[in-house]
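Secondary and tertiary structure notes
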Amino acid sequence: MSRLWRASPLTYLALVVAAGLSVFPIWWMFVVASRSNDAMGQLPPPVTPGGNLGANIARLFDNTDAYFLTGLINSAVVATTVTVSVVFFSSLAGFAFAKLRFRGRNALLLVIIATMMVPTQLGVIPLYLLMTKLHWNDRLPAVIVPVLVTGFGVFMMRQYAGQAVSDELIEAARMDGCGTARIWWHVVLPALRPAAAVLGLLTFMTTWNDFLWPYAVLNDPANPTVQLSLRALSDGYYQDMSQVFTGTAIATLPLLLVFVLFGRQIIGGIMEGAVKA
Amino acid sequence: MTVQLDARPPVAPAPQRSPGRLSRLDTRLSPYLYIAPFFLIFGIFGAYPLAYTFWVSLHDWDLLGADHPFVGAENYTRLLADADFWHALVNTLGIFVISTVPQLLAALWLANLLNRGLRARTGWRMAILVPNVTSTAAVAIVFGVLFGREFGMINWVLDLVGLDAIQWKSNRFASWVAISAMVDWRWTGYNALILLAAMQAIPRDLYEAAAIDGANRARQFWSVTVPLLKPTIIFCAIIATIGGLQLFTEPRMFHSGTNPIRGGPLRESQTLTMYMFENAFAPHYNFGYGSAVAWLLFALIAIVAAVNVLLLRRLGGVDRPQKGAAR
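Residues numbered from 1 in each chain as written. Chains lettered and ligands numbered in written order. Predicted model: local features only at pLDDT ≥ 70, side-chain atom pairs only at ≥ 80, totals over all residues.

1. Considering the overall build of chain A
Here is the rule: Numbering of helices and strands runs from the N terminus, with a helix taken as a DSSP run of H or I at least four residues long and a strand as a DSSP run of E at least two residues long. Counting other C-beta atoms within 10 Å of its own, a residue is labelled buried from 20 upward, exposed at 12 or fewer, and partly exposed in the gap between, with every C-beta atom placed from the backbone.
The number of helices and strands found in chain A is 12 helices and one strand. Here the C-alpha coordinates of chain A stretch approximately 70 × 65 × 35 Å along the principal axes. Of all 277 residues assigned to chain A, the portion counted as buried reaches 43%.

Put into structure tokens, the structure is as follows:
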């Protein structure tokens, strides 16, 4: 019995049900987004797309309460900045923890792991007070700067660098007179690329999705992230569900796109991380 | 070695860079330089707020008050006598239990299905993971409509099979179920992949040995797979605990209309984080009281995580993998 267990038709049937439940709400979101509001009152509910998407999009972008376009642009700026920064700083720190010798290394690594356990909610209130002092309330730095580098990122890169970067190569580069910075750029970074890609994807999705902290600190309705635009839509326009759903569909689209393009790497990243954990 | 016949003048040796002061400084300081950004950012925006939360919780501190007098434990004693706090606590625990238990069982089952010779392996994995990459706020809005009272699809299906419609938003328990469904929809596939990775690391000969001992497939699953997955199951349970007890976006966006931060007109599904938010930010801006909620929430997470570990340690009969392998 060295092979995997065979999959029976029943296995496939169960998987079809599970996959259907997973995909249906997303599918239905696009269905409602492409229909007029009459679809909400129809029973049985329609499950195929209609032809009203253009009109819904026009209404959404004309909506003066939701600032949807601003929200999209803000989210793109925030998520991109945070992603680049997290990958950059995490790969530097991960390299240091995995491959460089320095005093206090293990203790500092433990601190980083401990920070991953602390719930974000705990610090939200003083963070808000801090932002008030910095005059960052209602402004994007408030949602960018606190997450420029994360414990999760550092830890993930450290785990990967430990096995992916060879010590001999680093030694050889040092013999050739490479400073630490050049070693990082020419030897370490190329080896870290797969893990950096996964970290980047996960960071982008988390940041795009973030809700609680932007909700607390970005109170100016004219300067939201896209998730806050959705909140404004949902709280104010429950009579116009096709417009609300058009918003949810557009806010989800970048994530789905990333997932369709890089799903294999994301799955690989999650499963490899699990074995090490 | 023979006599050197090469007539060319010996090349001057490359100026061997002696490990000079600069280079020593580089090896010494670089590590600290590289890890400094994390500690800088975390120090300012992580550690400091953490300690400061506790400090704030000892004060009568609100947005408008010019000064904030020290009140000691008053926020905490008031909180412990606050019926809305206990109500939110029960909501949080209720939603946590009815979401986490089915979620982990379903994930285990799904992982077991995926751990077979399947066609289109990646396709199935992607299909069950896709809920995890969608926007939480967006999905909460969609589920809010699916669970709608009159035209919601769930009630329509219930009607088809001859059951009465359920008031998913105004019935307390039903709203817990609806929110749990949302949480499970997002996280079951993710946990299944983590469990699948651990399952694939189990050596095949353990199953052979079990089969020789006459264990059927179900028996093998419960007495080989599950015990060996214990560390991973504990990992999933802890992650689910930390996330589940902090639940915010799903219940917040499930409700719309007036004052959704209360989680329904009678706080049917207001979680602790929502309660913290309601007090600390709009409409009350009572930072001291909100901070006290935050600290009690933290304590709750620590307690529940510890209980989880204790409970799950007892899971399955075999404690050490070697025991099974030796048979």
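We are not done yet, so read on.
2. Re the overall build of chain B
Rule in force here: Note on contacts: residues are paired as contacts if their backbone-placed C-beta atoms lie within 7 Å.
Regarding its fold elements, chain B presents 14 helices and one strand. Based on the C-alpha atoms only, the size of chain B along its principal axes is roughly 100 × 70 × 40 Å. Scored against the burial criterion, the 327 residues of chain B give a buried share of 42%. In chain B, the share of contacts with a sequence separation of at least 24, taken over all contacts with a separation of at least 6, comes to 71%.

3. Some thoughts on the UniProt feature "domain: ABC transmembrane type-1" (unreviewed entry) in chain B
Rules: UniProt positions are given in the numbering used here, feature names are shortened, and annotations may be inferred rather than shown by experiment.
The UniProt record annotates "domain: ABC transmembrane type-1" (unreviewed entry) at residues 89-308 of chain B. Taken end to end, residues 89-308 of chain B is 71% helix and 1% strand, and its first and last C-alpha atoms sit 18 Å apart.

4. Considering the interface of chain A and chain B
The condition that has to hold: Ten residue types, Ala, Val, Leu, Ile, Met, Phe, Trp, Tyr, Cys and Pro, are classed as nonpolar, four, Asp, Glu, Lys and Arg, as charged, and the remainder, Gly among them, as polar. Strand pairing requires that DSSP identify at least two bridges connecting the strands.
In this complex, chain A contributes 78 residues to the contact, which on the side of chain B involves 82 residues. For the side of chain A that touches chain B, the element with the highest residue contribution is helix α12 (residues 241-276) of chain A, accounting for 14 residues. For the side of chain A that touches chain B, the residue count by class is 57 nonpolar, 16 polar and five charged. Relative to strand β1 (residues 116-117) of chain B, strand β1 (residues 5-6) of chain A runs parallel, the two being bridged by two bridges. Across the sheet, the residue bridging to Trp5(A) is Arg116(B), located in β1(B).

5. Observations regarding the UniProt feature "transmembrane region" (unreviewed entry) in chain B
Mapped onto the present numbering, the UniProt feature "transmembrane region" (unreviewed entry) falls on residues 32-55, 85-114, 126-147, 228-248 and 292-312 of chain B. As a span, residues 292-312 of chain B carries 100% helix and 0% strand, and end to end its C-alpha atoms are 30 Å apart.

6. Re the nonpolar core
All names here are of chain B. Basically, it comes down to this: Nonpolar cores are built from buried Ala, Val, Leu, Ile, Met, Phe, Trp, Tyr and Cys residues. These are joined into a set through C-beta atoms within 7 Å.
If you look at the biggest cluster of nonpolar residues, it comprises 156 residues, and the most contacted ones within it are Leu195 and Val293. Per element, the largest residue contribution to this core is 16 residues, and it comes from helix α7 (residues 172-200). Excluding residues within four positions of it along the chain, Val293 makes contact with Leu79, Phe85, Leu272, Tyr275, Met276 and Asn279.

7. Looking at the packing of helix α4 (residues 121-129) of chain B against α7(B)
Residue and element names in this part refer to chain B. The line we're drawing: To get an axis, fit a line to the C-alpha atoms, keeping to the stretch in contact for a helix; angles then go from 0 to 180 degrees between the N-to-C directions. If an angle is under 35 degrees, it is roughly parallel; if it is over 145, roughly antiparallel; if it lies from 65 to 115, roughly perpendicular; otherwise it is oblique.
At a closest axis distance of 7 Å, the pairing of α4 and α7 adopts a crossing angle of 140°. With respect to α7, the element α4 is oriented oblique. Counting all contacts with α4, which are made through Arg125, Ile128 and Leu129, the residues of α7 involved are Gly189, Tyr190, Ala192 and Leu193. The residue inventory of the contact of α4 with α7, partitioned by class, reads five nonpolar, one polar and one charged.

8. Quick word on helix α9 (residues 180-209) of chain A
In plain terms, the rule: A helix is expected to span 1.5 Å multiplied by its residue count minus one. Bend angle per residue: angle between axes fitted to the 7 residues ending at that residue and the 7 residues starting there.
An ideal rise of 1.5 Å per residue puts 44 Å on 30 residues; α9(A) reaches only 36 Å between its terminal C-alpha atoms. Of all bends in α9(A), the biggest is about 60°, found at Arg193(A), and the proline Pro194(A) comes one to four residues later.

9. Focus: the UniProt feature "domain: ABC transmembrane type-1" (unreviewed entry) in chain A
Per the UniProt record, the feature "domain: ABC transmembrane type-1" (unreviewed entry) sits at residues 72-262 of chain A. Secondary structure content for residues 72-262 of chain A is 77% helix and 0% strand, and the end C-alpha separation is 22 Å.

10. Description of the UniProt feature "transmembrane region" (unreviewed entry) in chain A
Residues and elements named next belong to chain A. Per the UniProt annotation, the sites labelled "transmembrane region" (unreviewed entry) are residues 12-30, 66-95, 107-131, 143-162, 183-205 and 244-262. The span residues 66-95 is 93% helix and 0% strand, and its two end C-alpha atoms sit 43 Å from each other. Across residues 107-131, the secondary structure splits into 76% helix and 0% strand, with the terminal C-alpha atoms separated by 30 Å.

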